[in-house]
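Summary of structural features
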Amino acid sequence: MNFAGTESAAYGPCLRTPRNRALTPVQQTLLIPLVARALGDALYPGHACDDAQAARLLDRLQVDGNTYLADRATVLNVLWRTRLIRAAAQAFFAEHAQAWGLNLGCGLSHYFQWLDAGHNTWVDADLSEVMSLRKPLLPAQPPRLRAATVDLQSADWWQRLRLPQRALAQPMFVLCEGVLMYFQPDEVRQVLQQLAQVLPSGSMLVLDTIARCGVGQAQWHASVGQTQAQFHWGIAQMQELTACHPRLQLRQSHSVAPSHGWMGVAMEAMWNPWGQSAPLYGLAELLVQ
Ligand SMILES: C[S@@+](CC[C@H](N)C(=O)[O-])C[C@H]1O[C@@H](n2cnc3c(N)ncnc32)[C@H](O)[C@@H]1O
């Protein structure tokens, strides 16, 4: 099966679904983390995430990863967030052995390779085009590794997920990485509010954020600029994440800056001298109270 098209060669590689539909620019961005996880370990052994699936997928997709690999900063950002997310999820499942995890906008990531703890359940969910691309590459293995179709920009996305009651019988781990910055601020608020309303107390929500100054600037981003996707949501303060619902609490926030060495730290210090602003690129762990 050939998943790669050529007509957007002026930009990055172009992916097609098995039914030969070209993915949209935002859907194409899934290649950026896939390439980083497939090929980035060799560049950054200290941040290696040992993704056993990503290189295999890249090979099957017949995509030349070098276009995205050239953007070293983004490769490092993806490895950094992958390791943080994995550690947060492993700690969560160590505490909640029967819990469910939900990866919203999963792309072609495969967290369950690291997170299968024997009794937990994981649901990978994305738009239908992406899920049809994913299906032959990373088939679900019910009952504990599941797949679902979701459009987070639709009003009833949570209901349409049709998670069984038992998924919500204990706290849930919800991941949304590399997704929300492509949404309008109102759409992000709705996603956060929906999750805050339905998730059981003790649930954890992990998402990555860009600073507000990045909004509208994706054309200058070495990887995202090649897809023609655009950033529409960024934050000035971390508190903006929790302001939309009283059940949301900021448990921890991380900035990628120190991973980039003294240059990253210096840049962040110039950008945020008093440490009051949200990082240029960061990861937030939210707790549902
Ligand atoms: C940069 S990729 C991130 C993929 C994955 N989370 C990862 O880190 O490998 C962005 C993903 O968001 C998904 N996405 C965009 N809009 C979406 C929507 N309305 N509902 C669900 N997923 C969406 C895209 O299809 C794509 O897979």
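Residues numbered from 1 in each chain as written. Predicted model: local features only at pLDDT ≥ 70, side-chain atom pairs only at ≥ 80, totals over all residues. Heavy atoms only, no water.

Here the focus is the sheet that holds strand β8 (residues 248–255). Read across the open sheet, the seven strands follow the order β5-β4-β3-β6-β7-β9-β8; overall the sheet is mixed. Every interior strand has two partners, whereas the edge strands, β5 (145–149) and β8, have only one. Each adjacent strand pair in this sheet contributes to an overall mean axis angle of 20°, direction not counted. Where strand β6 (residues 173–176) lies against strand β7 (residues 204–210), four bridges are found, and the strand directions are parallel. (Pairing = 2+ DSSP bridges. Helix = DSSP H or I, 4+ residues; strand = E, 2+ residues; numbered from the N terminus. Axes fitted to C-alpha atoms, helices over the stretch in contact; angles between N-to-C directions.)

Quick look at the site of the ligand now. Around the ligand sit 22 residues, and of these Arg37, Gly105, Asp126, Gln153 and Glu177 come closest. Side-chain polar atom of Asp151 to a nitrogen atom of the ligand: 2.9 Å apart, as the coordinates give it. Glu177 is positioned with one of its backbone polar atoms (N or O) 2.8 Å from a nitrogen atom of the ligand. Summarising the interface, the protein chains cover 98% of the accessible area of the ligand, which totals 590 Å² for the free molecule. At the level of secondary structure, the elements contributing two or more residues to the shell around the ligand comprise α1 (25–28) and α2 (31–39). Its residues placed into classes, the shell around the ligand shows ten nonpolar, seven polar and five charged. (Near = heavy atom within 4 Å. Polar contact = N/O pair within 3.5 Å; in protein donor to acceptor, adjacent residues only side chain to side chain. Areas by Shrake-Rupley, 256 points an atom, 1.4 Å probe, with all protein chains shown as cover. Nonpolar A, V, L, I, M, F, W, Y, C, P; charged D, E, K, R; others polar.)

Inspection of the entire model under this criterion finds ten salt bridges. Between Asp124 and Arg134 there is a salt bridge, and its shortest N-O distance comes to 2.9 Å. Taken together, the residues Asp124 in strand β4 (residues 121–126) and Arg134 in helix α7 (residues 128–137) connect sequence positions ten residues apart. In this structure Asp124 comes out as buried when scored by relative accessible area, which is 2%. (Salt bridge = Lys/Arg side-chain N within 4 Å of Asp/Glu carboxyl O. Buried < 20%, exposed > 50% of the residue type's maximum accessible area, 1.4 Å probe, protein only.)

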